[in-house]
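Per-entry structural report
Residue-level listing of the chains:
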Amino acid sequence: MLQLNSSVMACSKVRKIDRECRVFKEQWTKDCFFVPWKDRAICIICKENVAVFKEVSLSAQTMTRRIEEMGGNMFDQLRERAAEFKCFALAMDESNDVQDTAQLLIFIRGVNTRFEVSEELASLRSLKGTTTGEDLFVEVWKTMGELGLQWANFASVTTDGAPSMVGSTRGLVGRLNGEFEERGLAPPIQVHCLIHQQALCCKVLKWASVMKVVVHCVNYIRKNGLKHRQFQAFLSELGSAHQDVLYYTEIRWLSRGKVLRRVYDLLPEINTFLQSKGETVRELTDPEWKWDLAFLTDVTELLNHLNLQLQGKGNLISDMYSHIKAFEVKLQLLVRQVQKLDFTHLPATQSYCAEKPAAPFPVAKCKDALEMLQREFSVRFHELHVNNKDISLFQNPFAADIDDALPSLQFELAELQNCDVLKDAFKPDHLLEFYAELPEGT
């Protein structure tokens with residue numbers, strides 16, 4: 001009987017091993033970095049047996065403690081780097097989480113004497129009560145104290161443009177200016193987030209007649225699981241370049257351009273599918289509406305491209321300003337080209353024009369939209385244009401007019417512009433490296 005029980009247990013163990021797939025699989029090498037060695041799974045990175053990992057505690061409390069230790073270590077590293085900052089800038093954004101708790105994010109960007117730039121999230125502060133400018137100022141003051149930052153090195157502050165941020169008296173900027181005045185220091189340069197400004201400029205192009213129809217078509221297809229699957233199968237049968245339509249999300253800045261482009265590319269397929277379901281959307285066959293769709297698609301894609309150019313870690317203000325100025329010039333060119341029915345830089349509009357639609361291109365409407373966008377850019381980026389000379393001086397000191405520079409910089413600028421060695425070493429694409437290599441007296 002004992003032998004029989006042993007045999008049964010052995011068979012059960014074998015079946016359990018087979019059921020749990022305790023045989024090395026080649027997929028593990030790709031997914032988990034394990035390789036077989038002497039009938040054991042060995043980690044490629046640390047060369048340890050898999051059994052070693054079973055000794056590592058993965059309880060909730062242990063993982064929480066380790067995450068907190070890692071966060072503390074990263075904060076200590078940031079504090080060490082902050083001690084070397086020659087100057088720094090803070091960028092702040094305040095919004096509510098899913099529990100309606102206000103969260104203040106404080107980002108820091110600092111540079112030391114070697115022109116090494118550090119860009120990190122300095123702090124995430126939860127505001128349980130009010131979110132006035134005074135409340136925000138207190139959290140910024142605490143963060144600067146924890147990092148050991150010097151007020152004299154505070155060069156710039158970037159906000160999201162909310163009243164509690166930019167208020168000149170009771171807002172965060174007003175409180176910062178007051179603090180600097182008490183300390184006898186020049187106030188930091190105030191900048192409204194350039195990417196946020198660009199996104200706000202896009203809102204002047206509402207064109208609700210287009211967006212309402214596009215959103216209706218997308219929602220009709222995707223709100224029902226069966227219709228959605230049928231539409232995907234329909235596109236697959238036709239061999240379409242796209243396999244689905246995209247949802248429109250207003251809070252995602254790039255969403256509108258992507259949705260419009262996808263709908264424009266799939267317009268015949270969408271119309272055919274809707275008609276097969278008994279859903280008639282008159283605008284999908286209206287030439288005037290299709291002109292509007294094509295033009296809005298092109299302009300929104302141009303705005304999306306600018307938004308992507310402004311994004312990214314390590315961008316300098318001079319680079320971002322160059323992209324904005326270039327886009328303003330493009331708008332001027334587009335106004336003239338649209339009046340001449342030249343759609344060279346509007347691919348969707350040019351494509352629809354090739355179909356020779358019955359309705360003429362709405363020149364006046366599109367021209368007005370571009371001019372409205374021009375005015376919005378001019379107003380929202382006025383603060384950048386005011387500082388144009390300073391930005392240009394930083395971007396290319398050899399092309400700057402000495403007479404326009406501050407008197408305190410004119411002698412240094414004269415030395416710099418008349419040094420042939422430094423002229424040869426100057427590379428606009430590597431500004432930080434150039435300034436780092438300058439002699440200390442320059």
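Above this note sits the structure.
About the cut-offs
- Residues numbered from 1 in each chain as written.
- Predicted model: local features only at pLDDT ≥ 70, side-chain atom pairs only at ≥ 80, totals over all residues.
- Heavy atoms only, no water.
- Helix = DSSP H or I, 4+ residues; strand = E, 2+ residues; numbered from the N terminus.
- Contact = heavy atoms within 4.5 Å.
- Pairing = 2+ DSSP bridges.
- Axes fitted to C-alpha atoms, helices over the stretch in contact; angles between N-to-C directions.
- Buried < 20%, exposed > 50% of the residue type's maximum accessible area, 1.4 Å probe, protein only.
- Phe/Tyr/Trp six-rings, centres within 6.5 Å; stacked < 30°, edge-to-face > 60°.
- Lys NZ or Arg CZ within 6 Å of the ring centre and 35° of its normal.
- Core = buried A, V, L, I, M, F, W, Y, C linked by side-chain atoms within 4.5 Å.
- Patch = residues over 30% accessible without salt bridge, like charges linked within 9 Å, V, L, I, M, F, W, Y side chains within 5 Å.
- Areas by Shrake-Rupley, 256 points an atom, 1.4 Å probe, with all protein chains shown as cover.
- Salt bridge = Lys/Arg side-chain N within 4 Å of Asp/Glu carboxyl O.
- Parallel < 35°, antiparallel > 145°, perpendicular 65-115°, else oblique.

What about the side chain of Glu 269?
Mapped onto the secondary structure, Glu 269 falls in helix H12 (residues 267–276). When neighbours within four sequence positions are excluded, Glu 269 is seen to be in contact with Phe 231, Phe 234, Leu 235, Leu 238 and Ser 240.

Some thoughts on unusual backbone geometry
A positive phi angle, close to 65°, is found at Asp 100, a residue other than glycine. Locating Asp 100 in the fold gives a position in the loop between strand E3 (87–96) and strand E4 (102–111).

Here we look at the sheet that holds strand E5 (residues 117–127)
Note on sheets: strands pair through backbone hydrogen bonds, and any given pair is parallel or antiparallel. The strand order across the open sheet built from five strands is E5-E4-E3-E6-E7, with neighbouring strands paired in mixed fashion. Lying at the two open borders of the sheet, with one neighbouring strand each, are E5 and strand E7 (189–192). This sheet shows a mean twist of 20° between the axes of neighbouring strands, independent of strand direction. Taken together, the four bridges between strand E6 (residues 154–159) and E7 define a ladder with parallel strand orientation. Looking across to E7, one finds that Val 157 is bridged to Gln 190. Sitting on the sheet, helix H4 (residues 60–82) is in contact with E4 and E5, with an inclination near 125° to E5.

Focus: the side chain of Thr 101
By the element assignment, Thr 101 lies in the loop between E3 and E4. Accessibility expressed as a relative area gives 13% for Thr 101, which makes it buried. For Thr 101, the residues in contact, after removing those within four places along its chain, are Ser 95, Asn 96, Ser 126, Leu 127 and Lys 128.

Quick look at the packing of aromatic side chains
Under the counting rule described, the total for this entry stands at 21 aromatic pairs. Each ring, one from Phe 426 and one from Phe 434, has its centre 5.1 Å from the other, and the planes form 85°; the classification is edge-to-face. There is no split in this pair, since Phe 426 and Phe 434 are both buried. Members of the aromatic cluster, each reached through a chain of ring pairs, are Phe 115, Phe 394, Phe 398, Phe 426, Phe 434 and Tyr 435. The aromatic ring of Phe 137 is capped on one face by Arg 175, whose charged end is 4.2 Å from the ring centroid. A cation over a ring is seen here: Lys 365 above Trp 207, with NZ or CZ 4.7 Å from the ring centre.

A few points about the nonpolar core
Val 214, Ile 270, Leu 274, Leu 284, Phe 295 and Phe 377 are the most contacted members of the largest nonpolar core, which has 62 residues in total. Here this core gets ten residues from one element, more than from any other, and that element is helix H13 (residues 287–310). In this structure, Leu 274 is in contact with Cys 217, Tyr 220, Ile 221, Glu 279, Val 281 and Leu 284, ignoring residues within four places of it in sequence. Of all hydrophobic cores here, the second largest spans 25 residues; its members include Met 144, Leu 147, Phe 154 and Leu 172.

What to know about a nonpolar patch on the surface
Where nonpolar side chains cluster on the molecular surface, the patch consists of Phe 107, Leu 121 and Leu 124 and spans about 280 Å² of accessible area. Here Leu 121 is to be found in strand E5. The partly exposed category is assigned to Leu 121, whose relative accessible area is 43%.

Concerning the packing of helix H9 (residues 208–222) against helix H11 (residues 255–265)
Relative orientation of the contacting elements H9 and H11 amounts to 70°, with a least axis distance of 11 Å. As far as their axial angle goes, H11 and H9 are roughly perpendicular. Listed contacts from H11 to Val 210, Met 211, Val 214 and Val 218 of H9 are Arg 256, Val 259, Leu 260 and Val 263.

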